[in-house]
Amino acid sequence: MAEYTTRLLIIGSGPAGYTAGIYAARSGLKPILVAGPQVGGQLTITTEVENFPGFPVPVYGSELMNNMRQQAENVGVIIHEDIITELDVSSRPFALCSENGNCYKADAVIIATGASARWLGLESEAKFRGFGVSGCATCDGFFYRNKEVAVIGGGNTAVDEAIYLTNFAAKVTLIHRRDSLRADRALQERLFSNPKINVVWNSVVTEFLGSEEPLGLTGLKLKNIKTDEISELSVSGAFIAIGHHPNSDLFKGILELDDEGYIKTRPDSCATNIDGIFAAGDIKDPQFRQAVIAAGSGCMASLEAEKYLAGLKK
Ligand code: FAD
Ligand code: NAP
C-alpha cells in the first residue's frame, strides 16, 4: 500500500493510454499510468495487425503493444500494474484507489479503459478465438480471402461486417437468433441484395468446431430455436458481432455517459463533463473502435490535459 501524488494519472494501457502517456511524459508531466486488468489492451488478444501505420509487414498485436509500452517507459511514463477501483471527483486533486490498496492524488485524469467485445461465452468460442473466431471484421476479414465465413448477430455491426466481409470472402452467412434484424433498413437492403450473403434465421451457435493441429475453426454447430433442429455449417471464420460494452462501470454516477455507457465528451475534444477529467479511445467511441483512432485520441486527451494543467498553475 502506498500513496502517490501526480499531476496526471492515466487509466488504461491500450493504444489510447500509452499514447497519452508518451505525449504527457515528453512534455515533462511525469505521468503515472495504471495498466489495468488487460495490460496492453484489446490488441493483445488478436494475432496479426495489418492496419496500424508504420509496419510494412503485419505485426502481432502483443508485439505492437509491448513496443508501445517500451516507448512509453523510455520517455518516462511510470507504469503501475494495478486496477483502479474508485474515483472521487468531489475534491481537488482527484482521489483514486486501486485494487492493490494504493491511493493516488492527481490534478488531472485521462480515462482510457476501452471497450470489450461481447462474446457468446461458449468454451469452444474461447478455444478458437484468434484461430478463426474474431470480434472484428475490419481487423481480421482480410485473412479470409475466398473462404466461407459466418457473422453472428443482427444489429448494425453484424450487418456492416457481413457486407464488408464480402470484399474478401467467397460466401458470408449471417446467423441471427430472431426472424428480423435490428439493423437500419438501408443496411438491411444492402445485405439482402448482396448475392454473396445468406441469412440463417432463428438460429444460435451451440458449438465452434475445428481442428487441433494446427488449431483452426472449420465449422459451427447451429440450433434452430423454433424447431430445435441441429445443423452444421462449414466455415473457416466466424465473426461475433453481438455488441460491445464500454468499460465504464466505475464512472457511472460520476461522469456523463450515453445510453450505452460510453463516456460523453465535448465535440472535437476529450474533455468530459468534469473539468480535469478526460476520456480517450474506445471508452468514448461507440462508432469506429480502431487502434489508430484510440491512439490519436490519447494524443488529443494528453494535449488537452497539458493545457488544463498549465491553466491550473497560473
Ligand atoms: P483498450 O485497448 O481496450 O485498452 C483498455 C485498457 O484499459 C486496458 O489496458 C485495460 O487493462 C485498461 N483498464 C480497463 N479497466 C481498468 C481499470 N479499472 N483500471 C485500470 N485500467 C483499466 N483495431 C485496429 O485498428 N486493428 C486491428 O487489427 C484490430 N484488431 C482487433 C482484434 C480484436 C480481437 C479486438 C477485440 C479488437 C481489435 N481492434 C483492432 C480494436 C482495437 O483493439 C481497439 O480499438 C483499441 O485497442 C482501443 O484502444 P483503447 O486504448 O481505447 O482501449
Ligand atoms: P446491437 O445493436 O446491440 O446489436 C446486437 C445484436 O446481437 C442484436 O441483433 C442482438 O439480437 C444480437 N445478440 C446480442 N446478444 C446475443 C447473443 N448472446 N446471442 C446471439 N445474438 C445476440 O449492437 P451493434 O450492432 O454492435 O451496434 C451497437 C451500436 O453501434 C448501435 O447503436 C448501432 O446502431 C451502432 N452502429 C452503427 C453502425 C452504422 O450506423 N453503420 C454500425 C455499427 C454499429 P437481438 O436483435 O435479438 O437483440
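This is a predicted model, so every value here is computed, not measured.

Rules used throughout
- Residues numbered from 1 in each chain as written.
- Chains lettered and ligands numbered in written order.
- Predicted model: local features only at pLDDT ≥ 70, side-chain atom pairs only at ≥ 80, totals over all residues.
- Heavy atoms only, no water.
- Near = heavy atom within 4 Å.
- Polar contact = N/O pair within 3.5 Å; in protein donor to acceptor, adjacent residues only side chain to side chain.
- Areas by Shrake-Rupley, 256 points an atom, 1.4 Å probe, with all protein chains shown as cover.
- Nonpolar A, V, L, I, M, F, W, Y, C, P; charged D, E, K, R; others polar.
- Helix = DSSP H or I, 4+ residues; strand = E, 2+ residues; numbered from the N terminus.
- Expected span 1.5 Å × (residues − 1).
- Buried < 20%, exposed > 50% of the residue type's maximum accessible area, 1.4 Å probe, protein only.
- Arc of directions from axis to C-beta.
- Contact = heavy atoms within 4.5 Å.
- Pairing = 2+ DSSP bridges.
- Axes fitted to C-alpha atoms, helices over the stretch in contact; angles between N-to-C directions.
- Disulfide = S-S within 2.5 Å.

**Some details on the site of ligand 2**
At step 1: Inspection of the region around ligand 2 gives 16 residues, with Asn156, Thr157, Arg177, Arg178 and Arg182 positioned closest.
At step 2: Asparagine 156 places a side-chain nitrogen or oxygen 2.7 Å from an oxygen atom of ligand 2.
At step 3: For ligand 2, an oxygen atom lies 2.5 Å from a polar atom in the side chain of arginine 182.
At step 4: For ligand 2, the accessible surface in isolation is 920 Å², of which the surrounding protein chains cover 70%.
At step 5: For the shell around ligand 2, the residue count by class is four nonpolar, seven polar and five charged.

**Topic: helix 2 (residues 61-74)**
At step 1: Between its first and last C-alpha, helix 2 extends 20 Å over 14 residues, near the 20 Å set by a 1.5 Å rise per residue.
At step 2: Looking only at helix 2, the buried set comprises Gly61, Leu64, Met65, Met68, Arg69 and Ala72. Taken around the axis of helix 2, the buried residues stretch over an arc of 140°, which confines them to a single face.
At step 3: Each element contacted by the buried residues of helix 2 is listed here: helix 1 (15-26), strand 3 (48-49), strand 4 (59-60) and strand 5 (78-80).

**So, the site of ligand 1**
At step 1: If you check the shell around ligand 1, you find 30 residues, and the closest are Gln38, Gln42, Cys139, Asp282 and Ala291.
At step 2: A distance of 2.8 Å separates a nitrogen atom of ligand 1 from a polar atom in the side chain of asparagine 51.
At step 3: Relative to its unbound accessible area of 1,000 Å², ligand 1 is 95% covered by the protein chains.
At step 4: Sorting the residues of the shell around ligand 1 by element identifies helix 1 and helix 7 (291-313) as the ones contributing at least two each.
At step 5: Along the lines of polarity and charge, the residues of the shell around ligand 1 split into 15 nonpolar, 13 polar and two charged.

**Description of unusual backbone geometry**
At step 1: Between arginine 92 and the following residue, proline 93, the backbone shows a cis peptide bond with an omega angle of -5°.
At step 2: Relative to the helices and strands, proline 93 resides in the loop between strand 6 (84-88) and strand 7 (94-98).
At step 3: Of note, the bond from glutamate 213 into proline 214 is cis; its omega dihedral lies within 30 degrees of zero at 0°.
At step 4: Topologically, proline 214 is positioned in the loop between strand 14 (203-211) and strand 15 (216-224).
At step 5: One non-glycine residue with positive phi stands out, namely aspartate 268, at about 55°.
At step 6: With respect to the helices and strands, aspartate 268 occurs in the loop between strand 18 (244-246) and strand 19 (277-279).
At step 7: Residue class for aspartate 268 comes out exposed when judged on its relative accessible area of 77%.
At step 8: The residue arginine 289 is not glycine, and still its phi comes out positive at about 50°.
At step 9: On the secondary structure map, arginine 289 appears in the loop between strand 19 and helix 7.

**Re helix 6 (residues 185-192)**
At step 1: Taken together, the buried positions of helix 6 are occupied by Leu187, Gln188 and Leu191. Along helix 6, the residues classed as buried sweep out an arc of 100° about the axis, all on the same side. In helix 6, those exposed residues whose orientation departs by more than 90 degrees from the buried face are Arg185, Ala186 and Glu189.

**Section: the environment of threonine 47**
At step 1: With respect to the helices and strands, the residue threonine 47 is situated in the loop between strand 2 (32-34) and strand 3.
At step 2: Of the residues examined, threonine 47 reaches a relative accessible area of 25% and is grouped as partly exposed.
At step 3: Remark: the alpha-carbon pair of threonine 47 and alanine 24, spanning 23 residues in sequence, is separated by 29 Å.
At step 4: Threonine 47 has contacts with Val59, Tyr60, Gly61 and Gly130, leaving out every residue within four places of it along the chain.

**Side note on the sheet that holds strand 13 (residues 197-200)**
At step 1: With parallel pairing, the five strands of this open sheet are ordered in space as 10-17-11-12-13. Since the sheet does not close on itself, it has two edges, and those belong to strand 10 (133-134) and strand 13, each with one partner.
At step 2: Examined bridge by bridge, strand 12 (residues 171-175) and strand 13 share four bridges and lie parallel to one another. Residue pairing for strand 13: leucine 174 is matched across the bridge by valine 199.
At step 3: Seen against the sheet, helix 5 (residues 156-165) touches strand 11 (148-152), strand 12, strand 13 and strand 17 (237-240) and runs at an angle of roughly 170° to strand 11.

**Quick word on the state of the cysteines**
At step 1: Summed over the entire model, instances satisfying the criterion amount to one disulfide.
At step 2: Through a disulfide, cysteine 136 is tied to cysteine 139; the S-S separation comes to 1.9 Å. The sign of the 65° torsion about the S-S bond sets the cysteine 136-cysteine 139 disulfide as right-handed.
At step 3: The class of cysteine 136 is buried, set by a relative accessible area of 16%.
At step 4: Given the relative accessible area of 26%, cysteine 139 is considered partly exposed.
At step 5: Sulfur of cysteine 97: no disulfide; nearest cysteine sulfur belongs to cysteine 103 and is 4.6 Å away.
At step 6: Not engaged in a disulfide, the cysteine cysteine 299 finds its nearest cysteine sulfur in cysteine 270; these two sulfurs lie 8.9 Å apart.

This is a description of form; function is not addressed.
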